[in-house]
Amino acid sequence: GLTGRLQNVFSKLRGKGKVSEEDVNEAMREVRLALLEADVNFKVVKEFVAKVKEKSIGHEVMDSFTPGMVIIDIVNKELTDLMGGSQAKLEKSNKPPTVIMMVGLQGAGKTTTSGKLAKLLQKQNSRPLLVAGDIYRPAAIKQLEVLGEQIKAPVFSLGDKISPVEIAKQALQHAKDNGNDYLIVDTAGRLHIDELLMEELSQIHAEIKPDEVLLVVDAMTGQDAVNVANNFNEQLGLTGVVLTKLDGDTRGGAALSVKAVTGCPIKFVSLGEKIDALEPFHPERMASRILGMGDMLSLIEKAQLNIDTDKAKEMERKMRNAEFTFDDFLEQMDQVKKLGPLDQIMDMIPGMGKMKQSKDLKVDDKQMGRIEAIVFSMTKDEKQRPEIMDHKRRKRIAAGSGTNIAEVNRLIKQFDEMRKMMKQFSDMMGPKGPKGKAM
Ligand code: GDP
Ligand code: MG
């Protein structure tokens, strides 16, 4: 994937004490290929590479002690810029309700995202009203009602005999009358963009004058998602984009191209089917995720929401200093379990994403139990100083945990790799890193 390829480029650079212009050119050729392969828009790639090159081939970089690091930092910044620089927040009307219109092609995720967004807003103590504006797709109304029930949010529906324009109009009045501070209008989609769809959406738009027109696009469709965004933007004027299905096998192209091509910022990303799988989009975090630095910030934020902060702080400190032991590992697993489905969490921890990719370590929640059993079978000493675990000890641990020696070996090896990755990560981000960035 993109991350792996970029990591290869950078690990070559990182090893160098001096970087020549030719090294930079070579690296940028590979970055260019990696981005194109990830389905990033051709023009976007060209401009991106030119910018990075321009900034990299300068005296400051060449003369620096750690030129590789400085270049990674430049790429990181440019990637962040490409995706909009900083977080694009949801508009809030000073005359409630804030009206949000959800648009997009069929199957993109409009209806589920409407529910997810309502849930996010509820968490901020808002009282959103969901509006069932898709009267064409069988069961679309029911789908929204089920979502509403699940999160205890009201759903406004007038069945499928009344026009969506009228439904939206009455819903707006209903929200005003009932003190709902957000109105989230789900709309119909088509398989392809067509005039009828656009005409109806324009009419709804004219009727309710939304503060936000959010286009929901499927990230898996890559450049098509960007074309769809362009089209909707020209016809309706979008205020933001929601990228869905980022949990799938996406190549990243859509996330990197949308803002640059359409001018519309990505406001949210959806990482799964569950109701709480929607997250505000942070360009800087996405950039570091793409660069394989792991999405530490997201993880820490999640941890702060779900875990007591003292433990989260301690976890962060240990990760930064790469001084954790198998005891910490166990503790961390305990904490991680509270954060949500494991496969989502794994992506956020430096080194873990790679671990997840290795086919012989399929970490799921069941696997986690086996890993725990192995660690439980270690002595106190072994947990604190993993390097003392020789073959004899490993055999004992395998027997004690009801696993086998191969599994034990694998875990210890991966633990080592994880430590190394964390060390690398903290070197990159810590006080000795390019800018001594604070997390
Ligand atoms: P709509 O036609 O645009 O309203 O799309 P729906 O909201 O009905 O979603 C279509 C399908 O995509 C449903 O099965 C959703 O569960 C699924 N879906 C939506 N968002 C995501 C996501 O972020 N990840 C995954 N894996 N599936 C999603
Ligand atoms: Mg729908």
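What you see is a predicted model, and the numbers here were worked out from it, not measured in a lab. (Residues numbered from 1 in each chain as written. Chains lettered and ligands numbered in written order. Predicted model: local features only at pLDDT ≥ 70, side-chain atom pairs only at ≥ 80, totals over all residues. Heavy atoms only, no water.)

(A) Region of the structure containing the overall build of the protein. When you go through the protein residue by residue, the secondary structure sums to 21 helices and eight strands. Here the protein holds 439 residues, and 52% of them are scored as buried. Long-range pairs, those at least 24 residues apart, make up 73% of the contacts in the protein with a sequence separation of at least 6. Within the structure as shown, the protein displays about 21000 Å² of accessible surface, and the carbon and sulfur contribution to it stands at 50%. (Helix = DSSP H or I, 4+ residues; strand = E, 2+ residues; numbered from the N terminus. Buried < 20%, exposed > 50% of the residue type's maximum accessible area, 1.4 Å probe, protein only. Contact = heavy atoms within 4.5 Å. Areas by Shrake-Rupley, 256 points an atom, 1.4 Å probe, with all protein chains shown as cover.)

(B) Inspection of the site of ligand 1 at higher detail. If you check the shell around ligand 1, you find 18 residues, and the closest are G107, T112, R137, S270 and E273. Contact distances for ligand 1 include 3.3 Å between an oxygen atom and a backbone N or O atom of G272. A total of 580 Å² of accessible area belongs to ligand 1 in isolation, and the protein chains cover 82% of it. Its residues placed into classes, the shell around ligand 1 shows three nonpolar, nine polar and six charged. (Near = heavy atom within 4 Å. Polar contact = N/O pair within 3.5 Å; in protein donor to acceptor, adjacent residues only side chain to side chain. Nonpolar A, V, L, I, M, F, W, Y, C, P; charged D, E, K, R; others polar.)

(C) Representation of the pairing of strand β6 (residues 240–244) in the model. Burial analysis of β6 places five of its five residues in the buried class, the great majority of the element. Neither face of β6 is open: one carries G240, V242 and T244, the other V241 and L243, and all of them are buried. Pairing analysis gives five bridges linking strand β5 (residues 212–218) to β6, with the strands arranged parallel. Residue pairing for β6: L215 is matched across the bridge by V241. Between the parallel elements β5 and β6, the chain passes through helix α10 (residues 223–236) in a crossover that is right-handed. Bridge count between β6 and strand β7 (residues 266–270): three bridges; the pairing is parallel. Residue pairing across strands places V241 opposite I266, the latter belonging to β7. Between the parallel elements β6 and β7, the chain passes through helix α11 (residues 253–262) in a crossover that is right-handed. (Pairing = 2+ DSSP bridges. Right-handed = clockwise from strand over helix to strand, strands pointing away.)

(D) Structural context of the UniProt feature "domain: SRP54-type proteins GTP-binding" (unreviewed entry) in the protein. Sites flagged by UniProt as "domain: SRP54-type proteins GTP-binding" (unreviewed entry) map to residues 265–278. Note that residues 265–278 is 0% helix and 43% strand, and that its end C-alpha atoms are spaced 16 Å apart. (UniProt positions renumbered as here; feature names shortened; annotations may be inferred.)

(E) Local environment of the sheet that holds strand β4 (residues 182–187). With mixed pairing, the eight strands of this open sheet are ordered in space as β3-β2-β4-β1-β5-β6-β7-β8. Sheet topology places β3 (155–156) and β8 (278–280) at the edges, where each strand pairs with a single neighbour. Of the strands in this sheet, β1 (98–103), β2 (128–133), β4, β5, β6, β7 and β8 are in contact with helix α6 (residues 110–123), which crosses β4 at around 170°. Helix-sheet contacts for helix α7 (residues 140–151) involve β2, β3 and β4, and the interaxial angle to β2 is about 165°. (Axes fitted to C-alpha atoms, helices over the stretch in contact; angles between N-to-C directions.)

(F) Just the packing of helix α2 (residues 21–37) against helix α3 (residues 42–56), in detail. Orientation of α2 relative to α3, taken along the N-to-C sense of each, is 155°, at an axis distance of 10 Å. Classified by the angle their axes make, α2 and α3 are roughly antiparallel. When you trace α2 past α3, the crossing you get is right-handed. In this structure, α2 contributes V24, N25, M28, V31, R32, L35 and L36 to the contact, and α3 contributes F42, V45, F48, V49, V52, K53 and S56. Across the contact of α2 with α3, the residue classes tally to ten nonpolar, two polar and two charged. (Parallel < 35°, antiparallel > 145°, perpendicular 65-115°, else oblique. Left-handed = near helix turned anticlockwise from the far one by under 90°.)

(G) Representation of the packing of α6 against α7 within the structure. It is at 9 Å that the axes of α6 and α7 come closest, and there the two elements cross at 20°. In terms of axis orientation, α6 runs roughly parallel to α7. α6 and α7 meet at a crossing whose hand is right-handed. Between α6, through T111, T112, S114, G115, A118, K119 and Q122, and α7, the contact on the second element is made entirely by A140, Q143, L144, L147 and I151. Each residue belonging to the contact of α6 with α7 can be placed in one class, and the counts come to five nonpolar, six polar and one charged.

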